[in-house]
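# Observations on the model geometry
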Amino acid sequence: MNVVEHMMELYREGIDELMGAERYAKKAKKATGSEEKVMYHNMAKQELGHAHELMKDGDSLFSGADAMDSLHMVWKSLRDHLCTWKKSIEAMLTDP
């Protein structure tokens, strides 16, 4: 797998993890029982952790790259998208 394929795979996997986290965060909001709410909240946090690890892997992939390198710039843009989405899900989990 070349570096572009690896980068795009990390991004796709990150999206999958965030989709799961968002789904669990929504279920936590709708849950009526406290045990169920805690379960979905924890599941969402696990998915967010997975997304974070994937972003770290992408960061290490481009850690030695010049900031003006095209692939580094593409990764930064993809990572920014994942980070923004991750923050919105984290906000869902903290709002009452």
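Rules behind the numbers
- Residues numbered from 1 in each chain as written.
- Predicted model: local features only at pLDDT ≥ 70, side-chain atom pairs only at ≥ 80, totals over all residues.
- Heavy atoms only, no water.
- Helix = DSSP H or I, 4+ residues; strand = E, 2+ residues; numbered from the N terminus.
- Buried < 20%, exposed > 50% of the residue type's maximum accessible area, 1.4 Å probe, protein only.
- Contact = heavy atoms within 4.5 Å.
- Areas by Shrake-Rupley, 256 points an atom, 1.4 Å probe, with all protein chains shown as cover.
- Salt bridge = Lys/Arg side-chain N within 4 Å of Asp/Glu carboxyl O.
- Expected span 1.5 Å × (residues − 1).
- Polar contact = N/O pair within 3.5 Å; in protein donor to acceptor, adjacent residues only side chain to side chain.
- Phe/Tyr/Trp six-rings, centres within 6.5 Å; stacked < 30°, edge-to-face > 60°.
- Lys NZ or Arg CZ within 6 Å of the ring centre and 35° of its normal.

### A word on the overall build of the chain
Counting its secondary structure elements, the chain contains three helices and zero strands. Counting from the amino terminus, helix and strand elements in the chain follow one another as α-α-α. Each of the three principal axes of the chain carries a C-alpha extent, and together these read 50 × 25 × 15 Å. The buried share among the 96 residues of the chain stands at 33%. When contacts within the chain are restricted to residue pairs at least 6 apart in sequence, those whose partners lie at least 24 apart make up 73%. In the form shown here, the chain has an accessible surface area of approximately 6,100 Å², with 56% of it arising from carbon and sulfur atoms.

### Details of the pattern of salt bridges
Applying the stated rule across the entire model yields five salt bridges. Between Arg79 and Asp59 there is a salt bridge, with the nearest N and O atoms lying 2.7 Å from each other. Of the two residues, Arg79 is situated in helix 3 (residues 70-94) and Asp59 in helix 2 (residues 34-61); the sequence distance between them amounts to 20 residues. Since its relative accessible area comes to 24%, Arg79 is described here as partly exposed. When its relative accessible area of 27% is taken as the criterion, Asp59 is described as partly exposed.

### Thoughts on helix 3
Given a rise of 1.5 Å per residue, 25 residues ought to cover 36 Å, and the 36 Å separating the end C-alpha atoms of helix 3 matches this to within 8%. The set of residues buried in helix 3 consists of His72, Trp75, Leu78, Leu82, Cys83, Trp85, Lys86, Ile89, Met92 and Leu93. Of the surrounding elements, those touching the buried residues of helix 3 are helix 1 (3-30) and helix 2. Here helix 3 starts with a cap whose side-chain oxygen sits 3.2 Å from the backbone nitrogen of Leu71, and that cap is Asp69.

### Section: the packing of aromatic side chains
Counted under the stated rule, the structure contains two aromatic pairs. Residues Tyr24 and Tyr40 carry aromatic rings whose centres are separated by 6.2 Å and whose planes lie at 20 degrees to one another, so their mutual orientation is stacked. Separated by 16 residues along the polypeptide, Tyr24 in helix 1 and Tyr40 in helix 2 bring together distant segments of the chain. The ring of Tyr24 carries Arg23 above its face, with NZ or CZ at 5.2 Å from the centroid.

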